[in-house]
Amino acid sequence: MSATFGGRTGRQGKLSSWLRGRRPQEVPDGSGREALLLAAAGAGLPLAPAAHPAPGYRCSCDRVGCPTPARHPVSFAWQTQSTTDRAQIERWARHQPQANFITATGMVNDVLDVPLEAGHEALERLLAAGVEVGPVAASDDGRLLFFTLTRGTPEDEDEWWPCELDCHPETMDEHPGLRWHCRGSYVLVPPAQLPGENQSVHWVRGPEHPLPDPLTLLETLTDACARHAGAEPDQANAAWPLGR
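The text that follows walks through the structure, step by step, so that each part is easy to find. (Residues numbered from 1 in each chain as written. Predicted model: local features only at pLDDT ≥ 70, side-chain atom pairs only at ≥ 80, totals over all residues. Heavy atoms only, no water.)

**Remarks on helix H4 (residues 86-95)**
Three or more residues of H4 are buried, namely Ile89, Glu90, Trp92 and Ala93. Within H4, the buried residues cover an arc of 165 degrees as seen down the axis, which keeps them to one side. In this structure, the buried residues of H4 make contact with helix H2 (33-42), strand S3 (47-50), helix H3 (78-81) and strand S6 (100-104). (Buried < 20%, exposed > 50% of the residue type's maximum accessible area, 1.4 Å probe, protein only. Helix = DSSP H or I, 4+ residues; strand = E, 2+ residues; numbered from the N terminus. Arc of directions from axis to C-beta. Contact = heavy atoms within 4.5 Å.)

Right, dumping it as structure tokens:
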């Protein structure tokens, strides 16, 4: 017969203890991470939890050979899960203190994602010209992310103008130059940790800057990407039709 502790058998007590241990524990945030996530949500960026780096350049998802370690959502329902709700984001951040976060694009915001060198050149030109540039994040894997308003989802799908720059998680490698993350895609939102020592995604210009229309940035970004790739701007633009 099992011993009884406080009205519970020993087996029940062990099970109860195990379940308590499995419950996520809230961890105080002393890094400012939670405040940065809430600022992004406050700017309208819908967030959802993502994987984080694991020892040995691996991913917390434990998938063997994960193709995007620490860069993908933890749930297949990330598009419907993404939210700007402050209370929910606080719960996620405190219960998953190592988790990165993604923002689902094509809902409120899009992201124009360019090689780091080309992005810095374009950013300098845009600011010098007095163009309203919104939030910009740098990823230490060599990309600069320009956060913009979304192109939207018209009621009449025939009015949707497709673009060969449209980038989805499964087509990332097809876009070494400019990637346009719109509906069906996502990017990491700062602060996020990448595999490798001191590798991260961090704000260059924070989410307090209003989201601009993507078309106000596009020409300068494509021109900078063309220079970076060693191509003529006119040739690059001819290869990237922007719809009808």
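**Describing the nonpolar core**
Core analysis: the biggest nonpolar cluster contains 28 residues, and Leu45, Leu47, Phe147 and Val189 have the highest contact counts within it. Beyond its immediate sequence surroundings of up to four residues, Leu47 is in contact with Leu37, Ala41, Gln81, Ser82, Thr83, Ile89, Trp92, Phe101, Ile102, Thr103 and Val189. Judged by nonpolar contacts, the second largest core, of 19 residues, contains Leu123, Leu126, Val136 and Cys182. (Core = buried A, V, L, I, M, F, W, Y, C linked by side-chain atoms within 4.5 Å.)

**Quick notes on unusual backbone geometry**
For the peptide bond that leads from Pro190 to Pro191, omega is -5 degrees, which places it in the cis range. Here Pro191 lies in the loop between strand S12 (186-189) and strand S13 (192-193). Backbone geometry at Tyr57 places phi at a positive 60 degrees, although glycine is not the residue there. Take Tyr57: it is sitting in the loop between strand S4 (53-54) and strand S5 (58-59). Classification of Tyr57 by relative accessible area gives exposed; the value is 61%. Residue Ala70 is not a glycine yet carries a positive backbone phi of 65 degrees. Along the chain, the position of Ala70 falls in the loop between S5 and H3.

**Describing H2**
Every buried residue of H2 is accounted for by Arg33, Glu34, Leu37, Leu38, Ala40 and Ala41. Take H2 and look down its axis: the buried residues cluster within an arc of 155 degrees, on one side only. In this fold, the buried residues of H2 make contact with S3, H4, S6, S12 and strand S14 (200-205). Positive phi shows up at Gly44, right after H2, with a value of about 100 degrees.

**Quick notes on the pairing of strand S9 (residues 143-149)**
Across the 7 residues of S9, 6 count as buried, placing the element largely inside the fold. As judged from the 4 bridges shared by strand S8 (residues 136-139) and S9, these two strands associate in the antiparallel manner. Along S9, the bridge assignment pairs Ala138 with Leu144. Counted along the chain from S8 to the antiparallel partner S9, the turn is 3 residues long, and its residue Gly142 has a positive phi close to 105 degrees. (Pairing = 2+ DSSP bridges.)

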